[in-house]
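Below, each chain spelled out in residue letters.
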Amino acid sequence: MSRASSHALKHPPVKPPSEPAGATPFPELAVAIERQRRRGRGAQSNDSGRFEAEARVAFDDGWQSLDELPPFKTTVSLDTSRKVITRNDSPDIGFDRSINPYRGCEHGCVYCFARPTHAFLGLSPGLDFESKLLAKPDAPELLEKELAAPGYEPRMIAIGTNTDPYQPIEREHKIMRGILEVLDRAGHPVGIVTKSALVTRDIDILQRMAKRHLAKVAISVTTLDPKLARTMEPRASTPPKRLEALRQLSQAGIPATVMVAPVIPALNDSEIERILDAAAHAGVKEASYVLLRLPLEVRDLFREWLMANYPDRYRHVFTLIRDMRGGRDYDSQWGTRMKGTGPMAWMIGRRFEIACEKLGLNKRRSKLTTDHFVKPKRSGQQLSLF
């Protein structure tokens, strides 16, 4: 690694207790990546994935050798997956299939629960996740083949449930637009989740689909505070741009949902009512929320970020998180992982419901249909004469 010194360990470094103690409660911050190298990124570090046999830690050997390392730049590699539709059987989510045009996400949201998936690629869920991306340029063609397969039964396809389909590299690659064109031709329903205003680029397709009850879009608005948004979600659209995107979608007749997600206690939970109010004024009729989730490496990445940016809130934030997760930093139990348990979780839920009722949100839920689905013609398939 240039002239920087590094050493390999047969086992990853032992993590300190999650509760700070003593004068230096977070020794892992000593190996955090220097600020200029990670400028515009969300994670503070780039630890090896959990499946790696060795963990490499860079340290200054006294010759300022770390100063010579280049900043993290976004690179895009080819994903050669042969299928594009991913199936799941989770009982607490409203879809059984999804598409992820990209792996990794340049938005850099520090709390992203998809970060641990980068470990399956031998990469770090930290800075690698937001800088070493994989794209599926043949996703539209693969999707068309899968929709045309014998025995395929249409149900809503969810897009954006793992990584954002409208992250910055979509401007150049336009994979998501190609996917929508396939779904539009096939009359197949789609539900999109994003935190990017780039979704408005595809209003022409989404509007056509919405007229046939084939499309709906949810935009996550985590905070209205520009400083917090910039720190926590460095390359995502600003809060005003997301609200403007919701307004444009609503005016175009596309069912739009505002997601207050994630709700982070003692950090952005005080904004629930203001976010819902701003979205309602933008024309939104539906809303939802999700409590902060900290699976696997996300816990330590979020903890590093919190200590680097809001050290005075660390104890309070994690105390409240554990109060809502049965005394743990995260509980993956189906049915409660999205909303949490305990008095604090109950209060957040009631505040959300009361605000929605006052604003007239969720009076009606948009429903998608599969009635218009027509299988795409398979390559070489003879057309009917009648």
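Residues numbered from 1 in each chain as written. Predicted model: local features only at pLDDT ≥ 70, side-chain atom pairs only at ≥ 80, totals over all residues. Heavy atoms only, no water.

(A) Looking closely at the overall build of the protein chain. A tally of helices and strands in the protein chain yields 11 helices and 12 strands. In the protein chain, which comprises 386 residues, the share counted as buried stands at 52%. In the protein chain, the proportion of contacts linking residues at least 24 apart, taken out of those at least 6 apart, comes to 81%. Total accessible area on the protein chain stands at roughly 18,900 Å², and carbon and sulfur atoms take up 53% of it. (Helix = DSSP H or I, 4+ residues; strand = E, 2+ residues; numbered from the N terminus. Buried < 20%, exposed > 50% of the residue type's maximum accessible area, 1.4 Å probe, protein only. Contact = heavy atoms within 4.5 Å. Areas by Shrake-Rupley, 256 points an atom, 1.4 Å probe, with all protein chains shown as cover.)

(B) Quick look at the sheet that holds strand 9 (residues 190-194). Read from one edge of the open sheet, seven strands run 4-5-8-9-10-11-12, paired in mixed fashion. Edge strands, defined here as strands with exactly one partner in the open sheet, are strand 4 (85-87) and strand 12 (286-291). For this sheet the average axis-to-axis angle between neighbouring strands, irrespective of direction, equals 25°. In the packing of helix 7 (residues 239-251) onto the sheet, contacts are made with strand 10 (215-220) and strand 11 (256-263), and the angle to strand 10 comes to roughly 165°. (Pairing = 2+ DSSP bridges. Axes fitted to C-alpha atoms, helices over the stretch in contact; angles between N-to-C directions.)

(C) Inspection of the nonpolar core at higher detail. Membership of the largest hydrophobic core comes to 65 residues, with the highest contact counts inside it found for Leu143 and Leu276. Sorting elements by how many residues they give to this core places helix 4 (residues 175-186) first, with seven residues. Contact partners of Leu143, with chain neighbours within four places excluded, come to Val84, Ile85, Ile99, Ile157, Ile179, Val182 and Leu183. Grouped together as the second largest cluster of nonpolar side chains are 24 residues, Val110, Leu294, Val317 and Ile321 included. (Core = buried A, V, L, I, M, F, W, Y, C linked by side-chain atoms within 4.5 Å.)

(D) Structural context of the pairing of strand 10. Burial analysis of strand 10 places five of its six residues in the buried class, the great majority of the element. Across five bridges, the pairing between strand 9 and strand 10 is parallel. Bridge assignment links Val193 to a residue of strand 10, and that residue is Ala218. One crossover worth recording links strand 9 to the parallel strand 10 by way of helix 5 (residues 203-211), and it is right-handed. With four bridges connecting them, strand 10 and strand 11 associate as parallel partners. (Right-handed = clockwise from strand over helix to strand, strands pointing away.)

(E) Looking closely at the sheet that holds strand 3 (residues 75-78). On the basis of which strands lie adjacent, the open sheet formed by three strands has the order 3-7-6 and mixed pairing. The sheet is open, and its two edges are formed by strand 3 and strand 6 (102-103), each paired on a single side. For strand 3 and strand 7 (residues 132-135), the ladder comprises four bridges, and the chain directions are parallel. Counted as the bridge partner of Leu78 is Ala135 from strand 7.

(F) Geometry of the side chain of Asn100. Take Asn100: it is sitting in the loop between strand 5 (97-99) and strand 6. For Asn100, a relative accessible area of 10% translates into the label buried. With sequence-adjacent residues up to four places away left out, Asn100 is seen in contact with Lys136, Thr161, Asn162 and Thr163.

(G) Expanded view of the packing of helix 9 (residues 298-309) against helix 10 (residues 314-324). Contact geometry of helix 9 with helix 10 gives a least axis separation of 10 Å together with a crossing angle of 150°. On the basis of their axis angle, the class for helix 9 and helix 10 is roughly antiparallel. Across the interface between the two elements, Arg299, Phe302, Arg303, Leu306 and Met307 from helix 9 touch Tyr314, Val317, Phe318 and Ile321 from helix 10. Counted by class, the contact of helix 9 with helix 10 contains seven nonpolar, no polar and two charged residues. (Parallel < 35°, antiparallel > 145°, perpendicular 65-115°, else oblique. Nonpolar A, V, L, I, M, F, W, Y, C, P; charged D, E, K, R; others polar.)

(H) Just the pairing of strand 9, in detail. Strand 9 sits mainly inside the fold: four of its five residues count as buried. One ladder, built from three bridges, connects strand 8 (residues 157-159) with strand 9; its direction is parallel. Looking at the pairing, Ala158 lines up with Gly191 of strand 9.

(I) Region of the structure containing helix 2 (residues 139-148). Across the 10 residues of helix 2, seven count as buried, placing the element largely inside the fold. Where helix 2 is concerned, the buried positions are Ala139, Pro140, Leu142, Leu143, Glu146, Leu147 and Ala148.

(J) Main features of the pattern of salt bridges. What the rule picks out here adds up to 28 salt bridges. Residues Asp96 and Arg155 are paired through a salt bridge, measuring 3.4 Å at the closest nitrogen-oxygen approach. One end of the pair, Asp96, is in the loop between strand 4 and strand 5; the other, Arg155, is in the loop between helix 2 and strand 8, with 59 residues separating them in the sequence. Residue Arg185 is joined to Glu144 by a salt bridge in which the shortest nitrogen-to-oxygen separation is 3.5 Å. (Salt bridge = Lys/Arg side-chain N within 4 Å of Asp/Glu carboxyl O.)

(K) Main features of the packing of aromatic side chains. Counted by the stated rule, this structure contains seven aromatic pairs. Pairing Phe51 with Phe120 gives two aromatic rings, centres 5.1 Å apart and planes at 35°, and the pair type is tilted. Linking Phe51 in the loop between strand 1 (5-9) and strand 2 (55-59) with Phe120 in the loop between strand 6 and helix 1 (127-131), this pair joins segments that are 69 residues apart in sequence. Of the residues examined, Phe51 reaches a relative accessible area of 48% and is grouped as partly exposed. Aromatic side chains Tyr289 and Phe352 sit 4.8 Å apart centroid to centroid with 50° between the ring planes, which places their arrangement in the tilted category. With Tyr289 in strand 12 and Phe352 in helix 11 (residues 343-359), this residue pair connects regions lying 63 residues apart in the sequence. (Phe/Tyr/Trp six-rings, centres within 6.5 Å; stacked < 30°, edge-to-face > 60°.)

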